[in-house]
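Letter by letter, the chains look like this.
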Amino acid sequence: MDSGLLTRFFGTTQAWHGPCTIIVDADAIVSISGPDSIVSGGVKMYAPRLVSGRIQADAVCLIPKENTLVIVQQNRTKQQTGEEQIRHTVYIVDTHHVIGIEFSDLSALDKLGLTPPEIHHRGEYRPGTLVG
């Protein structure tokens with residue numbers, strides 16, 4: 001991804017920016033597509049693991065001089081006692097390996113100078129309905 005485009009989203013002042021998904025050209029994350037379970041006989045069945053380059057970032061900071069993107073991810077896990085444990089993972093990524101960014105809303109379009117599109121919701125049609 002072009003470094004100029006990254007600076008439009010994350011600036012040049014080394015400030016932290018909100019949540020987004022950073023897509024890198026590497027197998028960076030192993031995600032679980034369901035819960036692990038114990039079946040009959042006490043055999044543990046593991047849910048399929050998916051490998052991808054999508055990093056769910058809680059905070060992102062661009063260091064333009066070093067072509068580095070610092071990504072912080074917060075993981076919450078609940079212990080058997082009910083206590084919640086919070087762990088942070090820090091990724092330090094070369095900006096040349098960033099191939100995309102996903103945002104959960106349309107506010108990122110402002111930084112590109114674009115106005116949000118008008119997306120019309122298609123109505124639901126019952127089977128057999130003629131649509132003109």
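Residues numbered from 1 in each chain as written. Predicted model: local features only at pLDDT ≥ 70, side-chain atom pairs only at ≥ 80, totals over all residues. Heavy atoms only, no water.

Visitor: Where do I start with the confidence of the model for the protein in this structure?
Guide: Close inspection of predicted coordinates is inappropriate for parts of the model with low pLDDT. Confidence in the prediction for the protein averages 85 pLDDT; 90% of positions are at 70 or higher. Here strand S2 (residues 29-32) stands out as the element of the protein with the lowest mean pLDDT, 72, in contrast to strand S7 (residues 59-63), whose mean of 96 is the highest. (pLDDT = per-residue confidence, 0-100. Helix = DSSP H or I, 4+ residues; strand = E, 2+ residues; numbered from the N terminus.)

Visitor: In this structure, what is going on with the layout of surface pockets? I would like to understand it.
Guide: Over the atoms, a rolled probe matching the size of one water molecule traces out where space is still vacant. Put simply, the largest pocket is a space of about 200 Å³. Surrounding the largest pocket, Phe-9, Phe-10, His-17, Gly-18, Pro-19, Cys-20, Phe-103, Ser-104, Asp-105, Ser-107, Ala-108 and Lys-111 form its lining. Looking at the lining of the largest pocket, the elements with two or more residues in it are helix H1 (3-10) and helix H2 (108-111). For the lining of the largest pocket, the residue count by class is six nonpolar, four polar and two charged. (1 Å grid on protein atoms, 1.4 Å probe; cavity = no way out; pocket = protein on both sides within 12 Å on 5 of 7 lines; lining within 4 Å. Points joined across faces, edges and corners; volume = space filled by probe spheres on them. Nonpolar A, V, L, I, M, F, W, Y, C, P; charged D, E, K, R; others polar.)

Visitor: When you look at the packing of aromatic side chains in this model, what are you seeing that I'm missing?
Guide: Remark: the centre distance and the inter-plane angle together describe each pair of aromatic rings, the angle taken between the planes. For the structure shown, the criterion picks out two aromatic pairs. On the numbers, 6.4 Å between centres and 55° between planes, the contact of Phe-9 with Phe-10 is tilted. Assigned by exposure class, Phe-9 and Phe-10 land together as buried. Judged by centre distance (5.2 Å) and plane angle (35°), the ring pair of Phe-9 and Phe-103 falls under tilted. Here Phe-103 lies in the loop between strand S10 (98-102) and H2 and Phe-9 lies in helix H1, a separation of 94 residues in the sequence. (Phe/Tyr/Trp six-rings, centres within 6.5 Å; stacked < 30°, edge-to-face > 60°. Buried < 20%, exposed > 50% of the residue type's maximum accessible area, 1.4 Å probe, protein only.)

Visitor: For this particular structure, what's the right way to read H1?
Guide: One turn of an α-helix holds 3.6 residues; hence residues three or four places apart share an orientation. The set of residues buried in H1 consists of Leu-6, Phe-9 and Phe-10. What you see down the axis of H1 is that its buried residues fit within an arc of 80°, all on one side. Those residues of H1 that are buried are in contact with strand S1 (20-24), S7, strand S8 (68-78), S10 and H2. For H1, the capping residue at the N-terminal end is Asp-2, with a side-chain oxygen 3.1 Å from the backbone nitrogen of Gly-4. Once H1 finishes, Gly-11 follows within two positions and takes phi at roughly 75°, a positive value. (Arc of directions from axis to C-beta. Contact = heavy atoms within 4.5 Å. Polar contact = N/O pair within 3.5 Å; in protein donor to acceptor, adjacent residues only side chain to side chain.)

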